[in-house]
Structure formats: C-alpha cells, structure tokens
Amino acid sequence: WDALKNITTKTSGFTLAKAIACAVQFNNQHCGIYAGDWDSYKDFAPVFDPLIQEYHGISATAVHSSDMDFNKIQGNIVDGAPVHSTRIRVGRSIDGFGLSPGITKEQRVGVEKLMANAVKTFGGELAGSYYPLAGMQESVRQQLVDDHFLFVSGDRNLTVAGMERDWPEGRGIFHNEKKTFLIWVNEEDQLRIISMENGGNVKGVFERLCNGIKMVGESVKKECGKDFCLDKKYGYVHSCPTNLGTGMRASVHIDLPGWTKHSVDKLKARCEELHLQPRGTRGESGGQTGHTYDISNKHRLGYSEVQLVQKMIDGVNTLWKEDQEFQKKLNM
C-alpha cells in the first residue's frame, strides 16, 4: 500500500484507492478490484498480479494467445439438442483511452464518437444503427428494453467503482437489423461486442462475432490509428480482472430435464469437469420451466477463443447425450 498509494496513472489519473473502492465499501465482493486504464495493471501490478494468477489459475510466467479463426471449430451442437438460443460476447478496449472506472469525460465521449462513426462503415448482415443513451426517444428506449438490449444505471458495484459518472453521456447501443449483432458502448467495458441468435448454431454465432470484431477493429484503426489493448500476458484488457484474456463468454440456453431429475448438484459438478459454468435461467418466455440452463465456458484467460468455443460445443453435446440416458433410466 505504502509503495503504491501515491501513484497516479498516466492515461486517466487512476489510483489504487479508486481501484479497490468496491472491496472497501462492500464485503460481498467476488473480485473487488477494477482497473481504470491499461496502466493500472502495470503500475499496480504487485496487487493485481497475484489476484489474477489465483482467479484464473495461471502461473506468473504465463502468456496469453488469442485465436479468432472460426474455421478451426470442429462440428457444432448436435441436431435435436433442445437449445433455445446462443450468445457469445467479448469486451474490447481502445488503446489510449481509460477503462470505465477511470475514463475521463472527454475520453468517454471520444470513444463514443469513434464508434458512432465506425458502425456507419458496417456492411452486409452487420449493417445497423447506433442509439445513444443521452436524449434517447421513449419509443426507442422501450423497444430496446423489450429486446433485452438496454443496459441501465443503478448497479451499486458499478457506481462505487466509478463507472456511472456523467451518466448517460457517452453511452449507447448499436445493433444490426436482424438484432443478432450488438455493441454496448461505455458500459462496464468501453466495448462489449455480442453475437446471438435463436437455436444452437454456435459456429455461425462465433463466425459473426469474429467478422464483427474484425470490422470494429479495422474501422477504429482507420478513424484514430489505435488498436485494441492486447497484453502479452493478460490478453485483451478489460476493466474487471476476471474478464482478462479472451473476455469471452460463450453460452447456450438448453433444456436438461434428465440431469435436473437426476441431480442439479451433480450437474454442477459435471459442468466443472467439462470446464463449463451452469446458471439457471428465467426461461425465454419469462416463466421458469425448471430445467432450462445457461451453460457457458468457465475460463477466460489461458485458453484461446477457438479453444473455449470448442469446449462449450463439445461439453454441451456431452451433457445432452448424458441427459437422454438419464431420461431413459428415469422413465421420463
């Protein structure tokens, strides 16, 4: 503390006290520390490094490799698996601008301006519109709420971490016409890039994500000459250390009635073995069916994007195969 407490980062003037604000204020923190800019991970490394190593289970000398080549994905979710929907998201940060907890007002507006211009260059199935939160028409707002696309203010952690300063200025949402490709601008990360659709075509959703990220990266580079922050050790830079690496969460909503009847606790343990993370869902229609789960990759750092998507596809296929066996065994 004494060695680091007086350091102020160059990009956005962030401090260690600001970084740990959530852990100081609340005692229920999963991680409790945020970075205010790329510099934070370097300047406050004695605090960040051990936490990151412990959370992600990596060694002090580990390096991260990224791989967004969707052609390497083998197979897909099997036909007949009861998958409602597929969603893959990543975060990205543009070099030279602060991250949400530390970003200055000028930088935040700068990121928004870059993105508002960048999305105009999107063609084909990615073409769409950008909707700024500030001055948003009520009809547009309601439509985004109905589509479950809108992010809102009022999250206690984000507020204490400094991510809701100057709300709603500089924030917004882009989506394509089919509503299968979204970008959240200046929420918890500068950019949250999301690809999604109904059904279980994970490979197709990943392909759209890869093409979209490439397009965003190229137009940002053209606009301002900057790249995404990519750290040799920690991969793509995010404001929350838990998202470092790929920053990717690839998930499906799937019905697993056999596993549910067999044992939800054993399903959780099985997911752990398959490097997956299960969550309950409220069900797409708003009612809890009782056996629909959100299944996603557990890791973010230490594996490439291709590896994580592959693990999710293979793991979900395994769970569904086992589910059918339980259904037979339990005479369902």
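What counts, and at which threshold
- Residues numbered from 1 in each chain as written.
- Predicted model: local features only at pLDDT ≥ 70, side-chain atom pairs only at ≥ 80, totals over all residues.
- Heavy atoms only, no water.
- Helix = DSSP H or I, 4+ residues; strand = E, 2+ residues; numbered from the N terminus.
- Expected span 1.5 Å × (residues − 1).
- Buried < 20%, exposed > 50% of the residue type's maximum accessible area, 1.4 Å probe, protein only.
- Arc of directions from axis to C-beta.
- Contact = heavy atoms within 4.5 Å.
- Pairing = 2+ DSSP bridges.
- Axes fitted to C-alpha atoms, helices over the stretch in contact; angles between N-to-C directions.
- Salt bridge = Lys/Arg side-chain N within 4 Å of Asp/Glu carboxyl O.
- Polar contact = N/O pair within 3.5 Å; in protein donor to acceptor, adjacent residues only side chain to side chain.
- Core = buried A, V, L, I, M, F, W, Y, C linked by side-chain atoms within 4.5 Å.
- Phe/Tyr/Trp six-rings, centres within 6.5 Å; stacked < 30°, edge-to-face > 60°.
- Lys NZ or Arg CZ within 6 Å of the ring centre and 35° of its normal.

Participant: It is not clear to me how helix 5 (residues 105–118) should be interpreted in this structure. Could you clarify?
Facilitator: Residues spaced three or four apart along an α-helix face the same direction, because each turn holds 3.6 residues. Here helix 5 contains 14 residues, and its C-alpha end-to-end distance of 20 Å stays within 8% of the 20 Å for a straight helix at 1.5 Å per residue. All buried positions along helix 5 are accounted for by Gln-107, Arg-108, Val-111, Glu-112, Leu-114, Met-115 and Ala-118. Considered in projection along helix 5, the buried side chains sweep an arc of 160° and stay on one side of the axis. Counted as exposed and oriented over 90 degrees from the buried face of helix 5: Glu-106 and Lys-113. Buried residues belonging to helix 5 abut strand 2 (128–132), strand 4 (181–185), strand 5 (191–198) and helix 8 (202–224).

Participant: Can you help me understand the sheet that holds strand 5 in this one?
Facilitator: Backbone hydrogen bonds hold the strands of a sheet together, and the pairing may be parallel or antiparallel. Within the open sheet, the 8 strands sit side by side as 2-3-4-5-1-8-10-9. Their pairing is antiparallel. In the strand order of this sheet, the two ends are held by strand 2 and strand 9 (276–280), each with one partner. The average undirected angle you get between the axes of adjacent strands in this sheet is 20°. Strand direction decides the pairing type here: strand 3 (residues 172–176) and strand 4, joined by 4 bridges, are antiparallel. Of the residues in strand 4, the one forming a bridge with Gly-172 is Val-185. Against the sheet, helix 5 engages strand 2, strand 4 and strand 5, with an angle of about 160° to strand 4.

Participant: Sorry, what's going on with the pattern of salt bridges here?
Facilitator: Here the structure, examined in full by the defined rule, presents 17 salt bridges. For Asp-49, the salt bridge is made with Lys-233, and the minimal N-O distance between the two is 4.0 Å. Taken together, the positions of Asp-49 in helix 4 (residues 45–56) and Lys-233 in the loop between strand 6 (230–231) and strand 7 (235–236) put the pair 184 residues apart, joining distant regions of the chain. Here Arg-208 ties to Glu-197 by a salt bridge, and the two come within 2.5 Å at their closest N and O atoms. Of this pair, Arg-208 sits in helix 8 while Glu-197 sits in strand 5, and the two are 11 residues apart along the sequence. Look at Glu-197 and you get partly exposed, because its relative accessible area is 23%. Each of Glu-125, Glu-197 and Arg-208 takes part in salt bridges that share partners, so that together they form one network.

Participant: Looking at this structure, how should I read the side chain of Asn-243?
Facilitator: Among the secondary structure elements, Asn-243 is positioned in the loop between strand 7 and strand 8 (249–255). Side-chain polar atoms of Asn-243 contact the side chain of Arg-89, separated by 3.3 Å. Among residues more than four places away in sequence, those in contact with Asn-243 are Arg-89, Glu-188, Asp-189, Arg-192, His-238 and Arg-300.

Participant: Just checking my understanding: could you explain the nonpolar core for this structure?
Facilitator: Buried together is how nonpolar side chains tend to be arranged in soluble globular proteins. Core analysis: the largest hydrophobic core is formed by 54 residues, its most contacted members being Ile-183, Phe-206 and Ile-295. With 9 residues, helix 11 (residues 305–329) is the single largest residue contributor to this core. Counting residues in each nonpolar core, the second largest holds 18 residues, with Leu-4, Ala-19, Trp-38 and Phe-48 among its members.

Participant: I would appreciate a short explanation of the packing of aromatic side chains in the present structure.
Facilitator: The description of an aromatic ring pair rests on the distance of the ring centres and on the angle between the ring planes. Here the structure, examined in full by the defined rule, presents 7 aromatic pairs. For the ring pair Tyr-41 and Phe-48, a centre distance of 4.8 Å and an interplane angle of 55° mean the geometry is tilted. An aromatic cluster is built from Phe-122, Phe-174 and Phe-181, whose rings are joined through pairwise contacts. A cation over a ring is seen here: Arg-92 above Phe-228, with NZ or CZ 6.0 Å from the ring centre. It is Arg-92 that lies over the ring of Tyr-236; its NZ or CZ is 3.5 Å from the centre.

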